[in-house]
Amino acid sequence: MERFLQASYYVDLQAENIQAAARELFAPGMTDVEKARTAYHFVRDEMLHSFDCRANVVTVRASEVLHHRTGICHAKANLLAALLRIQGIPTGFSFQRITYAAQDESMGYCTHAFNAVYLGSHWVTLDARGNKPGIDAQFSLGDPILAYPPRPQFAEFLYPGIYSHPQPVTMRKLESSQHPKELYYGFPDELIEPPDIP
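Nothing here was measured: the structure is a model prediction, and the numbers come from that model.

**Q** Can you help me understand the packing of aromatic side chains in this one?
**A** For any pair of aromatic rings, geometry is given as the distance between the ring centres together with the angle between the planes. In total, this model carries seven aromatic pairs according to the counting rule given. Summarising the aromatic geometry, the rings of Phe-51 and Tyr-184 are spaced 4.6 Å apart at their centres and angled 15° between planes, so their arrangement reads as stacked. Of this pair, Phe-51 sits in the loop between β1 (48-49) and α3 (62-68) while Tyr-184 sits in the segment after α5 (168-175), placing them 133 residues apart in sequence. With relative accessibility at 26%, the residue Phe-51 sits in the partly exposed group. Taken together, Phe-4, Tyr-118 and Trp-123 form an aromatic cluster joined through their ring pairs. The ring of Tyr-9 has Arg-61 lying over it, and the distance from NZ or CZ to the ring centre is 4.0 Å. Taking the ring centre of Tyr-109 as reference, the NZ or CZ of Arg-97 above it sits at 3.6 Å.

**Q** Whenever I open this one, the pattern of salt bridges confuses me. Can you help?
**A** Oppositely charged side chains can form a pair if their charged atoms are brought close together. One pass over the full model with this rule turns up eight salt bridges. Close ionic contact of Glu-16 with Arg-23 constitutes a salt bridge, the shortest N to O distance being 2.9 Å. The two residues Glu-16 and Arg-23 agree in class, both being exposed. Between Asp-45 and Arg-44 there is a salt bridge; the shortest N-O distance is 2.6 Å.

**Q** When you look at the pairing of strand β4 (residues 109-119) in this model, what are you seeing that I'm missing?
**A** Consecutive side chains along a regular strand alternate between the two faces of the sheet. Counting buried positions over the eleven residues of β4 gives ten, a clear majority of the element. With nine bridges joining them, strand β3 (residues 91-99) and β4 adopt antiparallel strand pairing. From the neighbouring strand, Ser-94 faces β4, where its bridge partner is Phe-114. Here β4 runs beside strand β5 (residues 122-126); their pairing, made up of five bridges, is antiparallel. Looking across to β5, one finds that Leu-119 is bridged to His-122. Linking two consecutive strands that pair antiparallel, namely β4 and β5, is a turn of two residues; a positive phi of about 80° is found at Gly-120 within it.

**Q** What's the story with the environment of Leu-191 in this structure? I'm lost.
**A** Tracing the backbone shows Leu-191 in the segment after α5. In this structure Leu-191 comes out as buried when scored by relative accessible area, which is 16%. Expressed as a C-alpha distance, the spacing of Leu-191 and Gln-167, which sit 24 residues apart in the sequence, is 7.4 Å. If near-sequence neighbours (up to four positions away) are discounted, Leu-191 is found in contact with Phe-95, Thr-111, Tyr-159, Tyr-163 and Gln-167.

The rules behind these values
- Residues numbered from 1 in each chain as written.
- Predicted model: local features only at pLDDT ≥ 70, side-chain atom pairs only at ≥ 80, totals over all residues.
- Heavy atoms only, no water.
- Phe/Tyr/Trp six-rings, centres within 6.5 Å; stacked < 30°, edge-to-face > 60°.
- Helix = DSSP H or I, 4+ residues; strand = E, 2+ residues; numbered from the N terminus.
- Buried < 20%, exposed > 50% of the residue type's maximum accessible area, 1.4 Å probe, protein only.
- Lys NZ or Arg CZ within 6 Å of the ring centre and 35° of its normal.
- Salt bridge = Lys/Arg side-chain N within 4 Å of Asp/Glu carboxyl O.
- Pairing = 2+ DSSP bridges.
- Contact = heavy atoms within 4.5 Å.

Laid out in structure tokens, this is it:
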């Protein structure tokens, strides 16, 4: 589990604003489930998805998402991981292949990111993308309630396994983009590395 608790360049839980946010969010005596629920709602609801709010900045690291209060799913997953890892809660990354277009696969595919959080004795899936009409992800200790339920008829699916780190190819795409509009083109649509937990 150690690898799911570590700080990294993208999950920069050592950043002062991340540490400050953790002090504000988590009270003494809270259970791990309460901490996970609190952090999840904070990232899902307070950090706006860059496409939804028409942001003019591309964030990547957890501290950048918190500073600008926006990010796409991959960046928001970095922030949720950072906040929970501070609290000693193992947190990883999971991925999904989805279509760009809502109604069909005419615009191709991209990779969607969310988190896997170890609570008690099992992993739970939390998708903090951010809700809007047509998207209603929720905190769930049972079956995942995702932003994008997979649609096999459009060849959408969940990638197996849990990763201890975000996908490098996705992080490079974010870092090389100056505006969120650039993320509509050439965004990675498949995973390269194997998961840490199959």
